[in-house]
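# Results of the structural survey
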Amino acid sequence: MTEQTSPLMQNLRRSGVWFAASVLVLAASSIGLSRFLETETPTVSLALDPLNINALIGELTNDLNDTSNVPDLDALLAKAERALRFDLADARLYSLIGEIKYRQGEKDQAYELFDQARRLSKTEIHALQRSIGRSIETGDLPKAVGGIDILLRRWPDQFPAIAEGLPTILSNPDGYQAVLAAIRAAAPWRASLLVALGKTPEGLDFANRLLLDLTGSTAPPNSSELSYVIHGYIRQKEYEQAYRLFLFSLSDQERKLGGYIFNSTFEPVSSGSGKPFDWQVGDQSGLEVTFATSQAAVEGEGGATVRFLNTPVKNTALQQYIELPPGSYKISLLASARNLKLPKDLYWSIRCVGPAGEITRFNISEGTYNRQALSQDFSVGPAGCPMQLLKLETAAIAESWRFRYVGTLVMHKLSIERLPS
């Protein structure tokens, strides 16, 4: 005889299933919300899901980094060790426990824990940072550089954190060779290294030496890297060093363009990436600047063509740093023009880089003409002007549509020659 279930029992069973399902839905919702909040508010996240390991690590990290309160290291240690029992393979927990031990003065245990964290994850960030610091302290600089390479390949935004230790590493022969080997192997932090070194006089010396040692290797310095360091020397007012490095960086073909003005005939051969002793073209919407050789140009009009687009033009179209020793000079321009209308002056100027100001300027003529020669004498004083800036610029102060520049200027050659004293 089949047992009959009463309607009451059926309803109770249905209610039990509904209740269990509701509990599961609420639990899943709590876990999901806990994961959503684990980064911004780890404490709230833990209240929703006490087993959320990411939230626990976030809470412990926040407590350790809180400068407004002295952390209870024993309590934090107990929390971290309890969590470790449930997740023995999480490198972050070993690293956190190591940091707590480090702050408690138990440094040997701390470094054992950092080593364990790195065995589980080579890129565990905090263990890496502590290991790098220890290697620098103990003088094992090749190991420090190896750690830096791993750190910055995985965490490139951490470069500022290791920048302070670079002079110590580079001033040691073993450390220097380790850094050189890393950047020869195309370490992705190579550019950041050179930019950072370019900010101090001591760093510039190391950067210059690294560039020289990279020359002839399978990973020679590129134009951007050379420009970082050249600009660094200029910022430090070490103009002679800046110019020497520029000359060193030139190829055999580029060296043929040398002179008081580099590339005085505006050949379409750039030394690359805006090196300050090469032509730098201003970024303006009101004009176009193109370089062409005589063979490639229409009607033999080789040089720099500046085409004005019937709009206001303010500031610089072309510029180049130059280095003229004290003495007397002549600057000469051979130029052609077609329908050139200049509501405000267009002129070449030479200024001292520094407080001495403008040395000379000469205006470019309006109209239409062919290979007109312009020149002007000037002198550089015996002091206060170790480097100069040569600029093609307008006299416009504001971008007023009353002052629209129109027409084409072709500059075939711009040169500076020294006059007999």
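Note that the structure is a prediction, hence the values are computed from the model and not measured. (Residues numbered from 1 in each chain as written. Predicted model: local features only at pLDDT ≥ 70, side-chain atom pairs only at ≥ 80, totals over all residues. Heavy atoms only, no water.)

### Comments concerning the pattern of salt bridges
For the coordinates displayed, the defined rule picks out 12 salt bridges. Two residues, Asp90 and Arg92, come together in a salt bridge whose shortest N-O distance is 2.9 Å. Residue classification places Asp90 among the buried residues on the basis of a relative accessible area of 8%. For Arg92, a relative accessible area of 30% corresponds to the partly exposed category. In this structure, the salt-bridge partner of Arg255 is Asp252, at a minimum N-O distance of 3.1 Å. (Salt bridge = Lys/Arg side-chain N within 4 Å of Asp/Glu carboxyl O. Buried < 20%, exposed > 50% of the residue type's maximum accessible area, 1.4 Å probe, protein only.)

### With respect to the packing of helix H7 (residues 125–138) against helix H8 (residues 141–154)
It is at 8 Å that the axes of H7 and H8 come closest, and there the two elements cross at 155°. Accordingly, the angle class assigned to the pair H7 and H8 is roughly antiparallel. Judged by the twist between their axes, the crossing of H7 over H8 is left-handed. Within the contact between the two elements, H7 uses Ile125, Leu128, Gln129, Ile132, Ser135 and Ile136 and H8 uses Leu141, Lys143, Ala144, Gly147, Ile148, Ile150 and Leu151. (Axes fitted to C-alpha atoms, helices over the stretch in contact; angles between N-to-C directions. Helix = DSSP H or I, 4+ residues; strand = E, 2+ residues; numbered from the N terminus. Parallel < 35°, antiparallel > 145°, perpendicular 65-115°, else oblique. Left-handed = near helix turned anticlockwise from the far one by under 90°. Contact = heavy atoms within 4.5 Å.)

### Some thoughts on the packing of aromatic side chains
One pass over the full model with this rule turns up 13 aromatic pairs. Considering the side-chain rings of Tyr111 and Phe114, the 5.7 Å spacing of their centres and the 70° angle between planes classify their relative orientation as edge-to-face. Placement of both Tyr111 and Phe114 in helix H6 (residues 107–120) is noted, with a separation of 3 residues, approximately one turn of the helix. A relative accessible area of 8% means that Tyr111 is categorised as buried. Assessed through its relative accessible area of 0%, Phe114 is described here as buried. With a centroid separation of 5.5 Å and 85° between ring planes, the pair formed by Tyr260 and Tyr329 is classed as edge-to-face. (Phe/Tyr/Trp six-rings, centres within 6.5 Å; stacked < 30°, edge-to-face > 60°.)

### Description of H7
Taking 1.5 Å of rise per residue, the 14 residues of H7 would be expected to cover 20 Å, and the 20 Å separating its terminal C-alpha atoms lies within 8% of that figure. Within H7, burial applies to Ala127, Leu128, Ser131, Ile132 and Ser135. Looking straight down H7, one finds its buried side chains confined to an arc of 135°; they lie on one side. Tucked into the core, H7 has its buried residues touching helix H5 (91–103), H6 and H8. One side-chain oxygen of the residue at the start of H7 lies 3.2 Å from the amide nitrogen of His126, identifying that residue as Glu124. Gly139 sits one or two positions beyond H7 and adopts a positive phi of about 85°. (Expected span 1.5 Å × (residues − 1). Arc of directions from axis to C-beta. Polar contact = N/O pair within 3.5 Å; in protein donor to acceptor, adjacent residues only side chain to side chain.)

### Thoughts on the environment of Ala78
For Ala78, the position within the fold is in helix H4 (residues 73–86). Take Ala78: its relative accessible area is 30%, and that puts it in the partly exposed class. Sequence separation between Ala78 and Ile97 is 19 residues; the distance between their C-alpha atoms is 9.3 Å.

### Overview of the state of the cysteines
What the rule picks out here adds up to 1 disulfide. A sulfur-sulfur distance of 2.0 Å marks the disulfide that ties Cys352 to Cys385. The sign of the -110° torsion about the S-S bond sets the Cys352-Cys385 disulfide as left-handed. Residue Cys352 is found in strand E6 (residues 346–352), and its partner Cys385 is found in the loop between strand E8 (367–380) and strand E9 (388–394); the two are separated by 33 residues along the sequence. With respect to class, Cys352 is no different from Cys385; both count as buried. (Disulfide = S-S within 2.5 Å.)

### Regarding empty space enclosed by the protein
Applying the stated criterion to the full structure yields 1 cavity of 30 Å³ or more. Lining the largest cavity, in full, are Tyr243, Phe246, Leu247, Gly258, Gly259, Tyr260, Ile261, Phe262, Phe277, Gln320, Tyr321 and Ile322. When contributions to the lining of the largest cavity are tallied by element, the ones reaching two or more residues are helix H15 (239–249) and strand E4 (316–322). Residue composition of the lining of the largest cavity, grouped by class: 9 nonpolar, 3 polar and no charged. (1 Å grid on protein atoms, 1.4 Å probe; cavity = no way out; pocket = protein on both sides within 12 Å on 5 of 7 lines; lining within 4 Å. Points joined across faces, edges and corners; volume = space filled by probe spheres on them. Nonpolar A, V, L, I, M, F, W, Y, C, P; charged D, E, K, R; others polar.)

### Concerning helix H11 (residues 173–184)
Look at H11: 16 Å from first C-alpha to last across 12 residues, which is about the 16 Å you get at 1.5 Å a residue. For H11, the set of buried residues is Gly175, Tyr176, Ala178, Val179, Leu180, Ala182 and Ile183. Where H11 is buried, its residues meet H8, helix H10 (166–170), helix H12 (190–197) and helix H13 (201–214).

### Points about the UniProt feature "repeat: TPR" (unreviewed entry) in the protein chain
When the UniProt feature table is mapped onto this chain, "repeat: TPR" (unreviewed entry) is found at residues 91–124. Measuring from the first to the last C-alpha atom of residues 91–124 gives 7 Å, for a span that is 79% helix and 0% strand. (UniProt positions renumbered as here; feature names shortened; annotations may be inferred.)

### A look at the sheet that holds strand E3 (residues 303–312)
Here 5 strands make up an open sheet; going across it, the order is E2-E3-E10-E5-E8 and the pairing antiparallel. In the strand order of this sheet, the two ends are held by strand E2 (287–292) and E8, each with one partner. Neighbour to neighbour, the strand axes of the sheet diverge by 20° on average, direction disregarded. Note: strand E5 (residues 327–341) against strand E10 (residues 404–418), 11 bridges, orientation antiparallel. Paired with Arg338 across the bridge in E10 is Thr408. (Pairing = 2+ DSSP bridges.)

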